[in-house]
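Take a look at the letters that make up each chain.
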Amino acid sequence: DPKLCGAQIRYLINSERGILGGLSFSAAALRLRERDEHIGWTEGQRKAGLQQIVNNSRFLISPQVKVHNLASHVLAMATRRLAQDWQKLYGYEPVLVETFVDSTQYEGTCYAAANWELLGHTQGRGRQDTAREAEVARKRVFLYPLKDNWRRILTTPVDLPRLLPDARRQTPLDWAAEEFGRCQLAPRLTDRLLGIARDLMARPNTTLPQACGDETRTRAAYRFMAHSDVTFESILQPHYAATEARIAQLPSGAVVLVPQDTTSLNYSHIREAVGLGPIGAKADGAQGLHLHSSLAVDTQGVPLGFLEAECWARDPELHGQRPSGPRVPIEDKESARWLRHYRTISAVQRRQAGVTLVSVGDREADIYELFADAAQSPGGAHLLVRARHDRQVTDQESEESARLFRTLQGQSQAGVYELALPRIKGRAARVATLTVRFAALTMHAPQGCPSALASLPIAGVLIREETPPAGTTPIEWMLLTTLPVTTAEQAIEKARWYAERWNIEVFHRTLKTGCRIEDRLLTEGDR
């Protein structure tokens, strides 16, 4: 068919009695509301991942051929080999197939029989309908996944080319120019971004119309957020570069702590919102978004900016069915975000060799594959993580194998120090007296873990409040780190560094209560 465009594959349906028909696959539709809403991807993700969808553009079985279930059988045979054949021709594997069935002539029964999913109908406009007159027949839209994790692949945060720090020839005019002036959007969009940033900085706790000040600026802000080139990633790229520039200006030997954390943003109050997902235990419960961010601070807790952030909506259809367990590859789990952020931090570490970057995580970051990734990343960032799992370890000094918590609890007390605990919900601010124990360990992989490394060298530090005030919960942190810990001073240092993880929680709280991000009334998750 000469009308096919772009990448394409054509198959003939052969049999002992000759050619029975044929089918072809080609480029997917540029935009398709039913498909795009079903995937739940952002505009940036659609642009980046569209090539991983192919269209079953033609399917014909000769009219004289009458074989029961032949059509669905052919579809099953084609989809089993399509990804491999596409890989050989074009160097990448598609993960999803779409097709359109003219509803005035066919029901699409063979697609339904082959387990393709019916999403709905097109609007009847076609590719050439520039006048928006919908002059062609409406078509049924079917989808078929070629991989089980197709949705996670297509909604992976866009990996834009990283902007590197630049040597500025003159001081930026203001904060907005410093953080967003290098944005790789069109000049008009960049100017609008700077204006919105200045407006929101001046009045961060107001609504968007109140911050903009007048109707003209408000409409311009809404148009900006609706523009297809404006994405979460494209806006933050220049800020990441500005953050790295501040890191580059630190004195040689400085330590930069980069706490990671996840928070949820609740938008259940917005009716008719699209692009949101469950943020609680029930798929039909609270709706909103999840935000995972990595904030760089110095050892005194002074913020330097973000090195990475990503925002996503969970799929309600997959709620409670997410891949879990040690035998599932980490890339197929939502927890892979910890590795993605660590790898970004490590890339900055390799460019800024004069300082030491430490990725800091709470118990959710206690992932064996994360430590394995660090062990296989020479020159990368270090890890400082609060332990969640009582793993099998070997004390490198005694060479005895035991569980992590029992091993550290059996170490002699190495020191005592005081730590000021900030006020949090349910706890008043106070000064805690903490004891320190530490040991050099070998951490063993969990049973069935797909990691290539069966064991890893690690340092364990146990921080414990032996005599807490009456009626308070004692502090106890079991910390794991790739940094050397051979003295009590080094162990106390790691505990003080871990305490700076609170800065990311302070940011998330400020985002919600100070900037009132959950009070925004934008009706689309992307915006």
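For the structure itself, look to the data block above.
One structure accompanies this document, and this report is about it. (Residues numbered from 1 in each chain as written. Predicted model: local features only at pLDDT ≥ 70, side-chain atom pairs only at ≥ 80, totals over all residues. Heavy atoms only, no water.)

### Describing the side chain of Arg 35
With respect to the helices and strands, the residue Arg 35 is situated in helix 1 (residues 33-39). Arg 35 sits in the buried class, given a relative accessible area of 0%. With residues up to four places along the chain from it excluded, the contact list for Arg 35 reads Ala 28, Ala 29, Leu 30, Trp 41, Leu 50, Ile 53, Glu 98, Leu 119 and Leu 143. (Helix = DSSP H or I, 4+ residues; strand = E, 2+ residues; numbered from the N terminus. Buried < 20%, exposed > 50% of the residue type's maximum accessible area, 1.4 Å probe, protein only. Contact = heavy atoms within 4.5 Å.)

### A short note on unusual backbone geometry
Only a minority of non-glycine residues have a phi that is not negative, and only a minority of peptide bonds are not trans. Phi angles above zero are rare outside glycine, and Asn 69 is one such case at about 65°. Turning to its location among the elements, Asn 69 is positioned in the loop between strand 3 (53-61) and helix 3 (70-90).

### Concerning the side chain of Arg 437
Here Arg 437 is to be found in strand 16 (residues 430-444). Given a relative accessible area of 12%, Arg 437 falls into the buried group. At a separation of 3.4 Å, a polar atom in the side chain of Arg 437 contacts the side chain of Glu 466. In this structure, Arg 437 is in contact with Leu 408, Gln 409, Gln 411, Ser 412, Gln 413, Gly 460, Val 461, Leu 462, Arg 464 and Glu 466, ignoring residues within four places of it in sequence. (Polar contact = N/O pair within 3.5 Å; in protein donor to acceptor, adjacent residues only side chain to side chain.)

### Looking at the sheet that holds strand 5 (residues 117-121)
The strand order across the open sheet formed by six strands is 1-2-3-4-6-5, and the pairing between neighbours is mixed. Edge positions in the sheet fall to strand 1 (9-15) and strand 5, since each of these pairs with one other strand and no more. Within this sheet the neighbouring strands show an average axis-to-axis angle of 25°, counted without direction. (Pairing = 2+ DSSP bridges. Axes fitted to C-alpha atoms, helices over the stretch in contact; angles between N-to-C directions.)

### Digging into the environment of Glu 489
Mapped onto the fold, Glu 489 is located in helix 14 (residues 488-499). Separated by 75 residues in sequence, Glu 489 and Ala 414 have C-alpha atoms that sit 9.0 Å apart.

### Structural notes on the pairing of strand 10 (residues 303-312)
Among the 10 residues of strand 10, eight are classified as buried, and the element is accordingly described as predominantly covered. Two strands pair when backbone bridges link them, and strand 9 (residues 287-298) and strand 10 are joined in this way by eight bridges, in the antiparallel orientation. For His 292, the partnering residue across the bridge sits in strand 10 and is Glu 310. Remark: four residues form the turn of the hairpin made by strand 9 and strand 10, two consecutive strands paired antiparallel; Gly 301 in that turn has positive phi of roughly 90°.

### What about the packing of helix 7 (residues 187-202) against helix 9 (residues 215-226)?
One can describe the packing of helix 7 onto helix 9 by two numbers: an axis separation of 10 Å at closest approach and a directional angle of 120°. As the angle between them shows, helix 7 and helix 9 are arranged oblique. The two elements helix 7 and helix 9 meet at a crossing, and its hand is left-handed. Note on element contacts: helix 9 touches helix 7 through Arg 217, Ala 220, Ala 221 and Phe 224, opposite Leu 189, Arg 192, Leu 193, Gly 195, Ile 196 and Asp 199. Of the residues contributing to the contact of helix 7 with helix 9, the split by class is six nonpolar, one polar and three charged. (Parallel < 35°, antiparallel > 145°, perpendicular 65-115°, else oblique. Left-handed = near helix turned anticlockwise from the far one by under 90°. Nonpolar A, V, L, I, M, F, W, Y, C, P; charged D, E, K, R; others polar.)

### Observations concerning helix 10 (residues 232-248)
Taking 1.5 Å of rise per residue, the 17 residues of helix 10 would be expected to cover 24 Å, and the 25 Å separating its terminal C-alpha atoms lies within 8% of that figure. Of all the bends in helix 10, the largest measures some 25° and sits at Pro 238. Counted residue by residue, helix 10 has 13 buried out of 17 residues, so it is predominantly covered. (Expected span 1.5 Å × (residues − 1). Bend = angle between axes of the 7 residues up to and from the residue.)

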